[in-house]
Amino acid sequence: MTFLSETRDLTDALSAHPELDVDPAQLPAAVDALADDEVVQILKTSAALATSLERVRVVAAGVVARRSSRAQGQSGLAAVDGHRSPIDMVQKISGSSRAEARRQVKLGTSLLDGDDQGELPSPPDANDQPAATDVEAGRSEGRTRWDEPLRRALLAGVITAAQHEALLWGLGEPPLPRSVAGHPDAESTDTGDEEASRLAHEAWLLAAEQLLRESAEYSVEELRRRARQVRDSLDESGAQERFDQRFDARSLRTWRDAEGRHQGHIVFDDEMGAWVDSILAAGLRPRRGGPRFMTDEERAASQDLIEDPRTNDQLAYDLLMGVLRAGSLASAEDVFGARQPGVRLVAVKDLIGPRDAFGRLTTVAHLEDGGDVLPGSMIDRALCDTGTVTVTVDSCGNPLDVGREQRLFTSKQRIALAIRDGGCRWRGCTVPASYCEAHHIDHWCDDGGRTDVDRGILLCRFHHLLLHNQGWRIRRDHNSEFMLHPPAGRSNPPVPLPSGSAIRWAWDPPPPLMRKHWRAA
């Protein structure tokens, strides 16, 4: 189907709703008068139409940039039309923000350069001029660019421009061989460099293809986060370097404004950022929908917090000030309530071993909540400070069997579920594991359900209640995928519930055709 044919079909689909043939000022009332299913269909069709039009707008922005290069000077398209740069021109015509215009130009440039085997444009920055697109040093001529699947998916309408950007800049460029990148301790040959470059390129290509298959399940923000996690998992040495850069950028600045109010600005490093998130999560979980299963004393404290007249921002401020004031003199329960804060790292034990020239582990660990990557140096420190909990899983990620004697999942099983599921497994949900409840897919009373990890799944409070109250069911045939079944009377087919764990490749590797060199690179 051609671009215009696709756009025309979507426009015709909207035209099938005669209620929309009104003056634009009457459109809100017209849509509000429609039935639920019609409103949902209009939303889907209009979103698809916007995505289709966004493609041609981005491509046009790229063409404007290409025809307005520095080499063309005052004869460039933007300058001839009276604009200082192609970004100025796109911003003026589209009425968008400067950041959005810059994004369109850079993304459009990358689409046009897809057949040139050039390097990717740099991520958005303050530079108005599109990045150069010369052939990257060391890249083999004739090799399909690793981001080609992303380019094709965008032009085919499989992903949106925002999703394309998240994957493109989340994965970043494959790393150069250490000798090419200028590492003084690296020893290599031309043949070895070429092989390392080929393996890295192939791994990035496979990663792009796998993330494309998952793109419909996640928001743009979560997709960008997952792309960064994949990049750090594949480029473990680079993960340490990126961690070091963010650590060096840490800062705390305070000042007084014109009204005499003390203000501050903090840039966290990765570990301390995770700690602050954990502190706030521990103190504010009742406000954010944490698990319901707790003691009467904990439940009373949670209800007091829910009824507290302060805003969440005020509560977060008072909590952090309480931490600073109390320090080590207060008990954790006095400050945080039922759940103490903490940061748990998850690493694949078999990969812990190799070290770089500085003696640091070259593997990476993932935060239990969210899956963000921390480098091997953090694993070393955690091993010294807090020790480890070993969770042995089978080929499906199922760690242990407690059986029927116990109604609730144990703390170790909760760790195992967090490692396997990564958080709430309801499609599109990104609630982290510490906010989730363990659901028995075989009901304890009706089905004689067992408290086994392979028959349990993490769900956030909202989706857990939705499942029980609306008649949804989750089923699993032995160790196959968890499948979400709609309530009786609905025609929706069952849908799989994939794991959101950042290390699910350990037991759920890519399809056979994608496994070659997946970890070798």
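Structure's up top.
Everything quoted here is computed from the prediction, not taken from an experiment.

A count of helices and strands for the chain gives 18 helices and ten strands. Put simply, 61% of the contacts in the chain that link residues at least 6 apart link residues at least 24 apart. Summed over all atoms, the accessible surface of the chain reaches about 28300 Å², with 53% contributed by carbon and sulfur.

What follows covers the sheet that holds strand β8 (residues 473-475). In a beta sheet, neighbouring strands pair by backbone hydrogen bonds and run either parallel or antiparallel. Taking strand neighbours across the sheet as the criterion, the three strands line up as β8-β9-β10 in an open arrangement whose pairing is antiparallel. Looking along the sheet, the strands with just one partner apiece sit at the ends: β8 and β10 (495-496). Where β8 meets strand β9 (residues 483-485), three bridges bridge the pair, whose relative direction is antiparallel. Note that in β9 the partner of Arg 475 across the bridge is Met 483.

Here the distance between the centres and the angle between the planes together describe a pair of aromatic rings. Within the structure shown, the criterion is met by two aromatic pairs. Their ring planes at 20° and their centres at 6.1 Å tell us that Phe 243 and Phe 247 sit as a pair that is stacked. Taken as a pair, Phe 243 and Phe 247 lie in helix α11 (residues 236-248) at a separation of four residues, close to a single helical turn. Accessibility expressed as a relative area gives 4% for Phe 243, which makes it buried. Note on Phe 247: relative accessible area 32%, which makes it partly exposed. Arranged with centres 5.4 Å apart and planes meeting at 70°, the rings of Trp 426 and Trp 472 form a pair that is edge-to-face. Of this pair, Trp 426 sits in the loop between α17 (411-421) and β6 (436-440) while Trp 472 sits in the loop between α18 (461-470) and β8; the two residues are 46 residues apart in sequence, bridging distant segments of the chain.

The subject of this paragraph is the sheet that holds strand β4 (residues 364-367). In spatial order, the strands read β3-β4-β5; together these three strands make up an open sheet with antiparallel pairing. In this open sheet, the two strands that pair with only one neighbour each are β3 (345-346) and β5 (373-375). With respect to the sheet, helix α10 (residues 220-234) is in contact with β4 and β5, its orientation differing from that of β4 by roughly 155°. Running at roughly 90° to β5, α11 makes contact with β4 and β5 of the sheet.

What follows covers the environment of Ala 227. Of note, Ala 227 is situated in helix α10. In sequence terms Ala 227 and Leu 171 are 56 residues apart; their C-alpha atoms lie 5.1 Å from each other. The residues contacting Ala 227, other than those within four sequence positions of it, are Ala 166, Leu 167, Gly 170, Leu 171 and Leu 211.

The next thing to look at is helix α3 (residues 36-66). Compared with the 45 Å implied by 1.5 Å per residue over 31 residues, the 45 Å span of α3 between its first and last C-alpha is a close match. Of the residues making up α3, those classed as buried are Ile 42, Thr 45, Leu 49, Ser 52, Glu 54, Arg 55, Val 58, Ala 61, Gly 62, Val 64 and Ala 65. The secondary structure elements touched by the buried residues of α3 are α1 (3-15), α4 (77-80), α5 (86-94), α6 (98-112), α7 (148-155) and α8 (161-171).

Rules and cut-offs
- Residues numbered from 1 in each chain as written.
- Predicted model: local features only at pLDDT ≥ 70, side-chain atom pairs only at ≥ 80, totals over all residues.
- Heavy atoms only, no water.
- Helix = DSSP H or I, 4+ residues; strand = E, 2+ residues; numbered from the N terminus.
- Contact = heavy atoms within 4.5 Å.
- Areas by Shrake-Rupley, 256 points an atom, 1.4 Å probe, with all protein chains shown as cover.
- Pairing = 2+ DSSP bridges.
- Phe/Tyr/Trp six-rings, centres within 6.5 Å; stacked < 30°, edge-to-face > 60°.
- Buried < 20%, exposed > 50% of the residue type's maximum accessible area, 1.4 Å probe, protein only.
- Axes fitted to C-alpha atoms, helices over the stretch in contact; angles between N-to-C directions.
- Expected span 1.5 Å × (residues − 1).

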